[in-house]
Amino acid sequence: IQQLPADAEKFVIVIPPPNVTGYLHIGHALTVSVEDALVRYHRMKGHVALWVPGTDHAGIATQVTVEKRIKRERGLTRHDLGRENFVEEVWKWKEEYGNHIIDQLKRTGSSLDWNRLAFTMDKTRSKAVTEAFVRLYKDGLIYRATRLVNWCSVLRTAISDIEVDFLELDGHTKRRVPGHNPDKEYSFGQITEFAYKVAESDGNEEVVVATTRVETMLADTAVAIHPEDPRYKHLHGTHVVHPFNGQKLPIICDPILVDMNFGTGVVKVTPAHDPNDYECGQRNRLPMPNLFTIDGKVNSLGGKFEGLMRFDAREEVVKELKALGLYRGVKDNPMRLGVCSRSGD
């Protein structure tokens, strides 16, 4: 124990908390070695040196591990348990299995202050996080708003960009989708074309749009054209009719979203389910209705398609468009397909 005057120079660092679900590897060993050398150097110089140990709750990795355990042992999901009981299960798991990292750190001889061991979900850290968010909000430095996120319908949570893997598809590809019919393969790497009837034309005129996610047309809020496109100059300020709910959608002019030399020069706009459409919606003050439930089913906005899993809805929407005479075909479309690195959704 260092017995030093109160005015002694201080050197304090916090260990980058390793995930409680994992094991230390060579990268951790390198970091710990450098930090240990720095702390010992400052102690030798007579400074008050403190190196705080801790572990990270690892977010989704821990959630998935605990969910699998309670499903295997008790046949329950975290939704069956509820938030408080599920957090309690996380703590039980952490106490039972999460201390091997601490044991590894101790075996390295790292000169950490073990009396200050922290965990990112303990009461002190949780209170500090809440306090920080409240202060930032009151100071006007953060705000809450509707934004697009990477959503995993299997885990029922948002995931970060680094937790999304991308599959390169050369064209039409069939694959199974978690949460859907396990015996069925669904089509990807295709672009579907269908028509919207122009409201002001008494059904005699149409505009054709193309999309890789035809099911999202259930949440379309507009159709966009380029303001300089001579083919559609006469449609400025008019509307199209949604074939399933009869709603009139505005035909808007957006030179940023629409390339008049690509495809038909007409783009469907679904602000809640596409990043480019979202930006278009912000520019044109379009509504942003969400089409899906947290587990990937079509919600009440989908009308007759409500309750279908999203890729089953894709097939049913195409069938209905064909029945209405609005289907204009499908083509192979090379694309990058984003999937959740945790669940494959």
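(A) Local environment of the overall build of the protein chain. Per the secondary structure count, the protein chain includes 8 helices and 17 strands. Taken over the C-alpha atoms alone, the protein chain extends approximately 90 × 45 × 40 Å along its principal axes. For the protein chain, with 345 residues in total, the buried portion stands at 40%. Accessible area of the protein chain: about 20,000 Å², with a carbon and sulfur share of 52%. Taking the average location of the 46 positive side-chain charges in the protein chain and that of its 47 negative ones, the two points are 4 Å from each other.

(B) The arrangement of helix 7 (residues 275-284) in detail. Of the positions making up helix 7, those classed as buried are Asp277, Tyr278, Cys280 and Gly281. One face of helix 7 carries all of its buried residues, which in axial projection span an arc of 165°. Counted as exposed and oriented over 90 degrees from the buried face of helix 7: Pro275 and Asn276. Its buried side turned inward, helix 7 meets strand 14 (248-253) and strand 15 (266-269). Where helix 7 begins, the side chain of Asp274 points an oxygen toward the backbone nitrogen of Asn276, at a separation of 2.9 Å.

(C) View of the pattern of salt bridges. As enumerated under the stated definition, the model contains 27 salt bridges in all. Between Glu89 and Arg74 there is a salt bridge, with its nearest N and O atoms 3.0 Å apart. Placement of Glu89 in helix 4 (residues 83-97) and of Arg74 in helix 2 (residues 60-74) is noted, with a sequence separation of 15 residues between them. With relative accessibility at 14%, the residue Glu89 sits in the buried group. Note on Arg74: relative accessible area 43%, which makes it partly exposed. Ionic pairing is found between Lys319 and Glu316, a salt bridge with its closest N-O pair at 3.3 Å. Here Lys319 pairs with Glu316, and both are found in helix 8 (residues 310-323), just 3 residues apart, close to one helical turn. Classification of Lys319 by relative accessible area gives exposed; the value is 52%. Accessibility expressed as a relative area gives 30% for Glu316, which makes it partly exposed. Here the residues in one salt-bridge network are Arg74, Glu88, Glu89 and Lys92, joined through shared partners.

(D) Local environment of the nonpolar core. In terms of nonpolar packing, the biggest core is built from 28 residues, with Tyr196, Val207 and Met217 touching the most fellow members. Of all the secondary structure elements, the ones that give two or more residues to this core are strand 10 (190-198), strand 11 (206-211), strand 12 (222-225), strand 14 and helix 8. If we skip the residues at most four places from it in the chain, Val207 touches Phe194, Ala195, Tyr196, Val198, Val223, Tyr232, Leu235, Val240 and Val266. One finds Val32, Val39, Trp51 and Ile101 within the second-largest nonpolar core, a separate group that totals 11 residues.

What counts as what
Residues numbered from 1 in each chain as written. Predicted model: local features only at pLDDT ≥ 70, side-chain atom pairs only at ≥ 80, totals over all residues. Heavy atoms only, no water. Helix = DSSP H or I, 4+ residues; strand = E, 2+ residues; numbered from the N terminus. Buried < 20%, exposed > 50% of the residue type's maximum accessible area, 1.4 Å probe, protein only. Areas by Shrake-Rupley, 256 points an atom, 1.4 Å probe, with all protein chains shown as cover. Lys, Arg positive; Asp, Glu negative; His and termini not counted. Charge placed at Lys NZ, Arg CZ, Asp CG, Glu CD. Arc of directions from axis to C-beta. Contact = heavy atoms within 4.5 Å. Polar contact = N/O pair within 3.5 Å; in protein donor to acceptor, adjacent residues only side chain to side chain. Salt bridge = Lys/Arg side-chain N within 4 Å of Asp/Glu carboxyl O. Core = buried A, V, L, I, M, F, W, Y, C linked by side-chain atoms within 4.5 Å.

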